[in-house]
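# Structural characterization, general
Here is what each chain is made of, one letter per residue.
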Amino acid sequence: MTIQWFPGHMAKAKREVAEKLKLVDFVIELVDARAPLSSQNPMLHGILQEKPKMVVLMKKDLADPEITEKWIQHFKNRGVTSVAIEANRKQDVQKVIQKAKDLGKEKLDKLRAKGIRPRASRAMIIGIPNVGKSTLINRLANKKMATTGDKPGVTKKQQWIKVKKEFELLDTPGILWPKFEEEEVGYRLASIGTIKDQILPKEDVAAYVLDYLKAYYPAFLEERFGFEDFDDMMEAFEHIGRKRGCLESGGHVNFEKVSDIILQDLRDGKIGLISFERPE
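Cut-offs applied
Residues numbered from 1 in each chain as written. Predicted model: local features only at pLDDT ≥ 70, side-chain atom pairs only at ≥ 80, totals over all residues. Heavy atoms only, no water. Salt bridge = Lys/Arg side-chain N within 4 Å of Asp/Glu carboxyl O. Helix = DSSP H or I, 4+ residues; strand = E, 2+ residues; numbered from the N terminus. Buried < 20%, exposed > 50% of the residue type's maximum accessible area, 1.4 Å probe, protein only. Pairing = 2+ DSSP bridges. Axes fitted to C-alpha atoms, helices over the stretch in contact; angles between N-to-C directions. Contact = heavy atoms within 4.5 Å. 1 Å grid on protein atoms, 1.4 Å probe; cavity = no way out; pocket = protein on both sides within 12 Å on 5 of 7 lines; lining within 4 Å. Points joined across faces, edges and corners; volume = space filled by probe spheres on them.

## A word on the pattern of salt bridges
Using the criterion set out here, one finds 17 salt bridges in the structure. For lysine 105, the salt bridge identified is with aspartate 109, shortest N-O distance 2.9 Å. Here lysine 105 pairs with aspartate 109, and both are found in helix α4 (residues 90–113), just 4 residues apart, close to one helical turn. Of the residues examined, lysine 105 reaches a relative accessible area of 46% and is grouped as partly exposed. Judged by its relative accessible area of 32%, aspartate 109 is partly exposed. Connected via shared salt-bridge partners are Lys60, Arg89, Asp92 and Lys95.

Structure representation (structure tokens):
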């Protein structure tokens, strides 16, 4: 199955990113630490060309820390600067600022060598919707500069933001690519709430989460829902529904409510620290 969607404002944003790239010295790409590859936008790779880049793995507080460390090493092995952060932790935000300073230093050194008074280095911040971009920008600027929300795609326009005296940041709207060729990419992003719940059937996404937990985190499945293995998905939904009181008249389990519980527990970190992708 190929999952397609491409709102008009995202097509416009892609063009604007390409146009404004020449104004910046490097790019800060935000990805979700739980699915670093699936939350990278392959459509932007060609646009970014040879621009220096830093990958920021957002929401590390919801991801499996051992897997996150493997991702940091993965990017390092490919010569890409990376850092995993929780946007509400000051020390993590400071790590982003320091690494951004290091990335911008080369351009500023070249300006000095030419006798040109160096300006603040400039960066473009990119990321798919709901990855936490607006929250990070507000922390970097130390004040509310960008609108935040729990729905994908809140930011709609580009704006320049000063980060102390360290560098200037060009914000861009979150951009998704036209279609997910791999079905599993869509399910990963839907599971962590990156794409809207209306894009894929919610029950299918919840079933994907249970299957993944069964394969990789059976202890979490047991601790949160009371079983670590199952042969029939309907029975699993029935079990969770009855345990959590998702009953309709006649004593039938409401599968939609069960799906909501599974996905919300996952996104709130109540099931455990879970990563949906591994570098290997």
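Once you've had a look at it, read on.
## Overview of the sheet that holds strand β2 (residues 26–32)
Taking strand neighbours across the sheet as the criterion, the 6 strands line up as β4-β3-β2-β5-β7-β6 in an open arrangement whose pairing is mixed. Two strands bound the open sheet, and with one partner strand each, they are β4 (81–84) and β6 (159–163). Between one strand axis and the next, the sheet turns through 25° on average, direction left out of account. As paired elements, strand β3 (residues 53–58) and β4 share 4 bridges and run parallel to each other. The residue of β4 that forms the bridge with valine 56 is valine 83. Most of the contacts of helix α5 (residues 133–141) go to strand β5 (residues 121–127), to which it runs at about 155°, and overall it touches β2, β3, β5, β6 and β7 (167–171).

## Some remarks on empty space enclosed by the protein
Per the stated rule, a full pass over the model turns up 1 cavity of 30 Å³ or more. In this structure, the largest cavity encloses a volume near 30 Å³. Along the walls of the largest cavity sit Ala190, Lys196, Asp197, Leu200, Lys202, Val205 and Leu263, which together make up its complete lining.

Everything listed here is a matter of geometry and, on its own, says nothing about what the molecule does.
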